[in-house]
Amino acid sequence: MQGLSYSMPRIKSLIKFSIRLFFLGLLLGVIGFTVLWALIWPSLPDVETLRDVELQVPLRVYSAEGELMAEIGEQRRIPLSIEEIPELQRQAFLAAEDDGFYNHFGIDVVGTLRGVVGYARYLGQRRVPGGSTITQQVARRFFLTNEFSVTRKIREIFLAVKIERELEKDEIFELYLNKEFLGQRAYGVGAAAQIYYGKTIDELTLAEMAMIAGLPKAPSRDNPVSNPEAATARRGYVLDRMLAEGFISEAEWREASNTPDRARLHGPQRELDAPWVAEIVRREAVERFGASEAYTGGYEIVTTVVGELQRAADRAIQDGLDAYDKRHGWRDAEGRIEPERLDDREAVLAQLRDLPSIGDLIPAVVLEVEPEQARLLLVDGREATLLLGRIEWARPFLGRDALGASPSAVGDILAVGDRVRLREHPEGWRLAQVPEAQAALVSLKPDSGEVVALVGGLDFAASQFNRATQSRRQPGSAFKPFIYSAALDAGYTPASLVNDAPVVFDDPSQERTWKPQNFSERFFGPTRLREGMVHSRNLISVRLVMDLGLPRAIDYVTDFGFDRNEIPNGPSMALGSASITPLDLAAAYAVFANGGYRIEPHFILAIRDIENRELDLPRRPRVCADCPSPQPDRAEAAVAEPDASSEGLRSLELLPGDTAPTDAPEAETPAMELAGPPVPLHAEQVLSPQTAWLIRSMMSDVITGGTGRRALALGRDDLAGKTGTTNDQRDTWFAGFNDALVTTVWVGMDGNEELGRYEQGGRTALPIWVDYMQVALDGVPETERRIPIGIVQAAIDPVTGLRVRPGTPGAIQEWFPAGNLPPLQETVDPNAEAEDADPYEIY
C-alpha cells in the first residue's frame, strides 16, 4: 500500500512532464513553422504565372493543305485541355499517383509524416518514399529542381499549399498531365500516346492508359520500350489500384491485365515527306525567333508546299536518276553475307537494317539463284522473287561510256549472299542500285513566287546538302533566253540574222584563248534568232553578247535576280558559265512566265503561335492583274532624269495603242490606315510585256521543234522551256513553264564528274520535268497568254529574215515589235507587178 502511494505522485509527475513536453514541442513546432512560413512564403514564386505558363512545345511544319511535314524540338509535347483527356486516363493517374487529389489541400499529411520518419531513420543519407501529391509534383516540375534536400522539400510543401489556394483542382491536374516527363522525349500524355502507340489520346485502350499512367515513377528506366518487363509490372499495379478505387470493373481489369503490350517507338505522324523544305523553314524560324524559342515556343508554320506536287517531284527524281543509272550499267553488289550465315534470319535482317535507307531503294540479300529468277530476303522480313527480265539492264559497268554484255542468266549478275537493292513496281520487283548522279527540282508559282515543290537530292537522310538552293552550277544553254532577251531590247528581232560561224576570243574570265563550238561541232552560217534559240546554237549567243557589249549584257541579266559576282566577266557567260542554283533559275524564268515581273521565291504562307494567333510575315512582291498599280511620287517623277546607259535595253514606255490606267490610286499617304488586308506589294517590272511574250514564243518552239520535244508527251500547247548542257556533260538542265507553274530540274554529279557522252538536258533532266508536270498540270486548263499591245505578225523570208509580201511562196509568219519590223525584201520575180507601197503600212 505504501509502495502504491509512493508511486502515484511519481506517475502524476511524469504525466505532467509529458504534457508539458508535448505542448513545448507543439509550441516549438508552431514557432518553427511560423518562422519557416515567414522566411519561405514571401520568397515563393507567383503561382499566377502557372495560368499563363508556356509549355515547351516543338516547332511543327505543315504543307499548304495542313499535312504535317516535320516536328522539330528536343521535347515532344501535344498540349491538351483537361476536357480533351479521357476520364479513364485521368482516373488511371489518380489511382497511380494521388487517389486523394480532389480531397487534400496540396499535401498528404500521412505520407509526409511517413517520409519524415524514414528520413530520420536513414539520417538523411538516402531518398525515402514521401507521398508527393500531384500538386507537389507540379510545384517541383514548374518551379523547383529534383535536388535531394530538406530545404527543397519544405519549399515544395509550402508551394503546393499556395498553388492549391490560388488554382482550381482541374487547372492543377491539367498542368500535371501536360508537363510530366513520360520517357522517350515524351512530355505529357498526348505525346506519350503518340510516341509509344502511334495514337491520339482518345484512341488508347485501358491497358495502354494504365501503361502511360505508370510511367512517372521511372520514365527513363522503366518505360515499355527500354524495359518492357518492369513497365508491364507497373501497369499491373496501376490496374490493381484502379480496380480498388472502383474506376474499372473486374472484367475490365482482367481483360486489360491479360492484354499483351504493343508499345514501340513511333516518330511524329508525318503525313508528307518534304525534308528539304522543312529544313529551309527551320532555319528561317531560328533566324526569326532564336533557336531556343523556335524549338520550344509551339509555333506552327504553314508552308507553300502542295502535298500532291511534292510527292510527284520525289517520284520523278527517283525515277529519273534510276533511269540514268541503268543506262550506265551494273556496278556490282553493295556487299556480301557469307552463304553459311544466311540460316540465321534475325542476324541477316540485322545486317540489312544497318544499311542506310536511300530513297525508295529497299535493301535485300540473295537467298537462292536460278537461271531465270532469284529469291531474296527484304529488310522488312518479306521475301521477293526477281525475274531475269527485271535485271536485263544490268550490263556490267566498264566506264562512263562503256558497258559489258547483257546477262543471259540471273547468275551472271547475282550470287547467293549478295547484298543489293530492289525497287517495287506494279509489274514486279526490279533490281536497282544507289545512283551515282544527283538531281534537284524546284517548282513555283510565277505570279507569287510560292514554291509548291522542292527536292534537293535523292535522299535527305543520306545527304542534307540541298542542291536546289545551295549548289551553284553552270546552267549552260538554259541561260541563253536572258541573252536573247537583252538582244531583243537592244533592237534585234526573232528574225534577225546572226552568223553561226567560228570565232576566237581572249576570255579574261578563263585566262586563255577561247574558241566556242556548237554541241554538234558544226556551223550553220547566217541564222535567224528564233532558230538559234530552238536549236541552241552556241555561236549565236556568243556573238550577241559581243555585239551588246559585255558590261551591258551583265547589267541586263542581273535584273533577273542573278548575283553579279557569280557571272564571269568574259564572253563565256553567253553560254551559261555563271554559277547559279536551280532556285535562282526558276525565279528568273518566272519573269518570262508572268509577263516581265521579278518575284521572290518563298516557302512560308503563315506562322501561328501557341495561342493560334497568326504572326506578321514580310510582304512579298506579286503580280496582281486586278490590283491598282502603284505610281511613283510625282515630285520624283518630275525631276527624274532618263538613264542613257539603259536606252534601248529597257523599254517600258507605252507603245502605240496602249492606254494609260485610269484607276491608279494617288500617291500613298503614310499616315492613313485602311481597314482590311494589307495592300499587296507589287512586283517590280524588269522586262517589257512585249519582250517577255516574244521570248516565251521562241521558247515554245524549243518544245514543238527543238531540244525540248520530249515535253510534247504532255499534249499541251501552253508550254515553253529550254534545255541546258555544259561542257563535257557535267551539268544538265531543263527549265520550263506555263502560266501556272515554273519548274526547273538539274541533274549532275556532286563531284562535278562527267555524266557521259550522250547525256544532255533533253535526256536526263527533261524526262524528270515531264513526269512531274504530268501530275502538276493535271486538271489545270490550258491558257494562251494574251498578245500584248505593240506586237504584230508579218510574213518573212526564212532565209533572209526580211519581210515579204503576203502570199509569197515559202514565206513564214514571225512576230515583231510594232516599231521594229525588218525592211521589205525586194522582189526578184520579173513578172511581178511593181508596187511601191509597203503592204504592212496601214497608216
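Structure: see above.
Structural notes, computed from the coordinates. Note that the structure is predicted; figures quoted are calculated from it, not measured.

What follows deals with the overall build of the chain. Helices and strands together make up the secondary structure of the chain, namely 22 helices and 27 strands. Here the chain, with 843 residues, has 47% of them falling under the buried criterion. Considering only residue pairs separated by 6 or more positions, the chain has 71% of its internal contacts joining residues 24 or more positions apart. Carbon and sulfur atoms make up 51% of the accessible area of the chain, which amounts to about 41,700 Å² in all.

Another aspect to go through is the nonpolar core. Counting residues in each nonpolar core, the largest one holds 124 residues, and the members touching the most others are F482, F562, M573, W769 and Y772. Per-element tally for this core: the top contributor is helix α19 (residues 582–593), with 9 residues. The residues contacting M573, other than those within four sequence positions of it, are F479, I483, V545, L550, A553, I554, V557, I567 and P568. The next biggest cluster of nonpolar side chains, apart from the first, holds 49 residues, and it includes F101, I172, A192 and A210.

Take the environment of R331 next. Checked against the element boundaries, R331 lands in the loop between α13 (307–327) and β4 (335–336). R331 sits 103 residues away from V434 along the chain, and the two C-alpha atoms are 9.7 Å apart. Residues within four places of R331 in sequence aside, it is in contact with D325, F397, Q433, V434, P435 and E436. In this structure the side chain of R331 is engaged in a polar contact, spanning 2.6 Å, whose partner is the backbone oxygen of V434.

What follows covers the pattern of salt bridges. Under the criterion given, the structure shown has 45 salt bridges. Between R283 and E279 there is a salt bridge; the shortest N-O distance is 3.0 Å. Remark: E279 and R283 occur in helix α11 (residues 275–289); sequence separation between them is 4 residues, near one turn of the helix. Classification of R283 as partly exposed rests on a relative accessible area of 44%. Measuring nitrogen to oxygen at the nearest pair gives 3.1 Å for the salt bridge that ties R331 to D325. Its relative accessible area of 2% is what places D325 among the buried residues. When salt bridges with common partners are traced through the structure, they connect D319, D322, K326, D360 and R423 into a single cluster.

Before going further, it helps to spend a moment on the packing of aromatic side chains. This structure, assessed with the given rule, holds 21 aromatic pairs. When the centroid spacing of 4.9 Å and the interplanar angle of 85° are considered together, the rings of W276 and F460 count as edge-to-face. Taken together, the residues W276 in helix α11 and F460 in the loop between β13 (451–455) and α15 (480–489) connect sequence positions 184 residues apart. Of the residues examined, W276 reaches a relative accessible area of 3% and is grouped as buried. Pairing Y589 with F592 gives two aromatic rings, centres 6.0 Å apart and planes at 80°, and the pair type is edge-to-face. Here Y589 and its partner F592 are both found in helix α19, 3 residues apart, which amounts to about one turn of the helix. This pair shows no difference in class: Y589 is buried, exactly as F592 is. A connected cluster of aromatic rings, assembled from ring pairs, spans F479, F482, Y556, F560, F562, Y589, F592 and F737. Lying over the aromatic face of F101, K169 brings its terminal NZ or CZ to 4.5 Å of the ring centre. Here the basic side chain of K326 rests over the ring of W393, its NZ or CZ set 4.7 Å away from the ring centre.

With that settled, the discussion passes to a negative patch on the surface. A cluster of acidic residues, E83, E84, E168 and D170, forms a negative patch on the protein surface. Inspection of the secondary structure puts E84 in the loop between β2 (68–72) and α2 (87–97).

What follows is about the sheet that holds β13. If you walk across this open sheet you meet the 5 strands as β13-β12-β25-β24-β23, and the pairing is antiparallel. This sheet does not close on itself; its edge strands, each paired only once, are β13 and β23 (720–725). Here the average twist between neighbouring strands, direction ignored, is 5°. Sheet topology places strand β12 (residues 438–444) next to β13; 4 bridges connect them, and they run antiparallel. Across the sheet, the residue bridging to S443 is A453, located in β13.

The next thing to look at is the sheet that holds β2. As summarised here, the arrangement of the 4 strands in space is β2-β1-β3-β19, forming an open sheet in which the pairing is mixed. Where the open sheet ends on each side, the last strands, each with one partner, are β2 and β19 (604–608). The sheet shows a mean angle of 15° between the axes of neighbouring strands, taken without regard to direction. In the sheet, strand β3 (residues 300–303) pairs with β19 via 4 bridges, with the strands oriented antiparallel. Residue pairing in the sheet places V302 in a bridge with A606 of β19.

Helix packing geometry: the angle between the two helix axes and the distance between the axes. Taken N-terminus to C-terminus, the directions of helix α4 (residues 134–143) and helix α6 (residues 169–179) make an angle of 55°; their axes are 9 Å apart at the nearest point. One way to sum up the angle between α4 and α6 is to call them oblique. Classified by chirality, the crossing of α6 by α4 is left-handed. For the pair α4 and α6, the contacting residues are I134, T135, Q137, V138, R141 and F142 in the first and I172, F173, L175, Y176 and K179 in the second. Looking at side-chain class alone, the contact of α4 with α6 contains 7 nonpolar, 2 polar and 2 charged residues.

Position of T133 relative to the elements: it lies in the loop between α3 (109–121) and α4. If we skip the residues at most four places from it in the chain, T133 touches D98, H104, G106, I107 and D108.

Rules used in this analysis
- The residue numbers shown here count from 1 along each chain, following its written sequence.
- Given that the model is predicted, a residue must reach a pLDDT of at least 70 before its local features are reported, and side-chain atom pairs must reach 80 or more before they are shown or counted; all residues, however, enter totals for whole chains, interfaces and linings.
- As a rule here, side-chain values come from all non-hydrogen atoms in the structure, and water together with hydrogens is ignored.
- In DSSP terms, a helix is any run of H or I states spanning at least four residues, a strand is any run of E spanning at least two, and both are numbered starting from the N terminus.
- Accessibility here uses a 1.4 Å probe with only protein chains present; expressed as a share of the type maximum, an area under 20% marks a residue as buried, one over 50% as exposed, and anything in between as partly exposed.
- Contact criterion: two residues are considered in contact whenever any of their non-hydrogen atoms come within 4.5 Å of each other.
- Surface accessibility follows the Shrake-Rupley procedure with a 1.4 Å probe radius. Residue values consider only the protein chains on display as shielding.
- We define a nonpolar core as any set of buried Ala, Val, Leu, Ile, Met, Phe, Trp, Tyr and Cys residues linked to one another through side-chain atoms lying within 4.5 Å.
- Think of a polar contact as two N or O atoms within 3.5 Å of one another; within protein, one of them needs to be a possible hydrogen donor and the other a possible acceptor, and neighboring residues in sequence only count if both atoms come from side chains.
- By definition here, a salt bridge exists when the distance from a side-chain nitrogen of Lys or Arg to a carboxyl oxygen of Asp or Glu is within 4 Å.
- Centres within 6.5 Å make a pair out of two Phe, Tyr or Trp rings, where for Trp the six-membered ring is used; the pair is then stacked when the planes are under 30 degrees apart, edge-to-face when over 60, and tilted otherwise.
- Sitting over a ring, as applied to charges here, requires NZ of Lys or CZ of Arg to be within 6 Å of the ring centre and within 35 degrees of the ring normal.
- Residues forming no salt bridge and having over 30% relative accessible area are the ones grouped into patches, like charges within 9 Å of each other and nonpolar side chains (Val, Leu, Ile, Met, Phe, Trp, Tyr) within 5 Å.
- Only four residue types enter the charge count: Lys and Arg as positive, Asp and Glu as negative, with His and the chain ends excluded.
- Throughout, a charge is located at the NZ atom of Lys, the CZ atom of Arg, the CG atom of Asp or the CD atom of Glu.
- Being paired, for any two strands, means DSSP has found at least two bridges between them.
- Axis angles are defined between N-to-C directions and span 0 to 180 degrees, where every axis is a line fitted to C-alpha atoms and, for a helix, only to the segment in contact.
- Here is the rule for angles: anything less than 35 degrees is roughly parallel, anything more than 145 is roughly antiparallel, 65 through 115 is roughly perpendicular, and the remaining ranges are oblique.
- Handedness of a crossing follows from how the near helix is turned relative to the far one, being left-handed for an anticlockwise turn of less than a right angle and right-handed for a clockwise one.
- Residues are grouped as follows: Ala, Val, Leu, Ile, Met, Phe, Trp, Tyr, Cys and Pro are nonpolar; Asp, Glu, Lys and Arg are charged; all remaining types, including Gly, are polar.

Any link to function would need more than the numbers given here.
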